[in-house]
Amino acid sequence: MIRGNWVHHIAKTVACTSAGGSAIGVDSYYHGIKSDVVGNLVHDIGPAGCRFVQGIYVSTSGTVKNNVVYRVAEGAIHLWHDANNVIITNNTVTASHTGIIVGGGDYYHTTGPNNDTIVANNIVYDNAMGISEQGQTGTRNRYTNNLVFQNSTYNFSLKNGLKHSATVSADPQFVAYTRTGTPDLHLRPTSPAIGKGTATNAPPSDFDGKPRNADTGYDMGAYQH
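What counts and how
- Residues numbered from 1 in each chain as written.
- Predicted model: local features only at pLDDT ≥ 70, side-chain atom pairs only at ≥ 80, totals over all residues.
- Heavy atoms only, no water.
- Patch = residues over 30% accessible without salt bridge, like charges linked within 9 Å, V, L, I, M, F, W, Y side chains within 5 Å.
- Areas by Shrake-Rupley, 256 points an atom, 1.4 Å probe, with all protein chains shown as cover.
- Salt bridge = Lys/Arg side-chain N within 4 Å of Asp/Glu carboxyl O.
- Helix = DSSP H or I, 4+ residues; strand = E, 2+ residues; numbered from the N terminus.
- Polar contact = N/O pair within 3.5 Å; in protein donor to acceptor, adjacent residues only side chain to side chain.
- Phe/Tyr/Trp six-rings, centres within 6.5 Å; stacked < 30°, edge-to-face > 60°.
- Buried < 20%, exposed > 50% of the residue type's maximum accessible area, 1.4 Å probe, protein only.

Asks: Looking at this model, I keep getting lost on a nonpolar patch on the surface. Mind explaining?
Replies: On the surface, Tyr29, Tyr30 and Tyr108 cluster together to form a nonpolar patch covering roughly 400 Å² of accessible area. As for its placement among the helices and strands, Tyr108 is situated in the loop between β12 (98-104) and β13 (118-120).

See below:
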């Protein structure tokens, strides 16, 4: 479990090489499985324009929940290597090159593909690319109840004929959004993300510890209204 950390301004001035890097890395090289990355604040990671530096990088099974990630050189949340059976839910990701990458390749111990991954209740806003399948991916990945908006190249790029469902395509209406300063990514009372999430796999509380349940509703993103 990697929980409740603030990881920021990492590798901003390093040379961009294929050695790569990440703010939080969950690796399967030593046969690790079922790792959880929950409630972390991750921002300003990697030199601008470098495709080899990630925010939250997961190479095995597990969960990625309630994280706030912005200004990452490549993927705010990136699955690769032996990643499969990953639940990515209730994250808020902005101002990065790619919001969420679901992929598999360069395998350590499996033959892939990345399959049975669930991407739900996330806000993916104002990135170059939104939610992207890359490398080898399977037919059982699911994409539901995400707010995906204003990602300049595309909002979704899925493979194998997969379709996303219950998607909200509208401005999330953050309290105070900025690409360069310190954004406040809580939701305004009029946000279209409020009440549009699914209860399935939603964490019981949000980034701040506010409850999510049938009474409060299930909002998209890391912050409950």
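Asks: What is the right way to look at the side chain of Asn145 in this model?
Replies: In this fold, Asn145 is placed in the loop between β16 (142-144) and β17 (147-149). In this structure the side chain of Asn145 is engaged in a polar contact, spanning 2.9 Å, whose partner is the backbone oxygen of Lys196.

Asks: I'm lost on the packing of aromatic side chains in this one. Help?
Replies: Following the criterion strictly, the structure yields eight aromatic pairs and no others. Arranged with centres 5.3 Å apart and planes meeting at 90 degrees, the rings of Tyr29 and Tyr108 form a pair that is edge-to-face. Of this pair, Tyr29 sits in the loop between β3 (21-26) and β4 (35-38) while Tyr108 sits in the loop between β12 and β13, and the two are 79 residues apart along the sequence. Using a relative accessible area of 47% as the deciding quantity, one classes Tyr29 as partly exposed. Given a relative accessible area of 31%, Tyr108 falls into the partly exposed group. Ring centres of Tyr125 and Phe174 lie 5.7 Å apart, and the angle between their planes is 75 degrees; this geometry places the pair in the edge-to-face category. Residue Tyr125 is found in strand β14 (residues 123-125), and its partner Phe174 is found in strand β19 (residues 174-176); the two are separated by 49 residues along the sequence. On the basis of relative accessibility, which here comes to 6%, the residue Tyr125 falls in the buried class.

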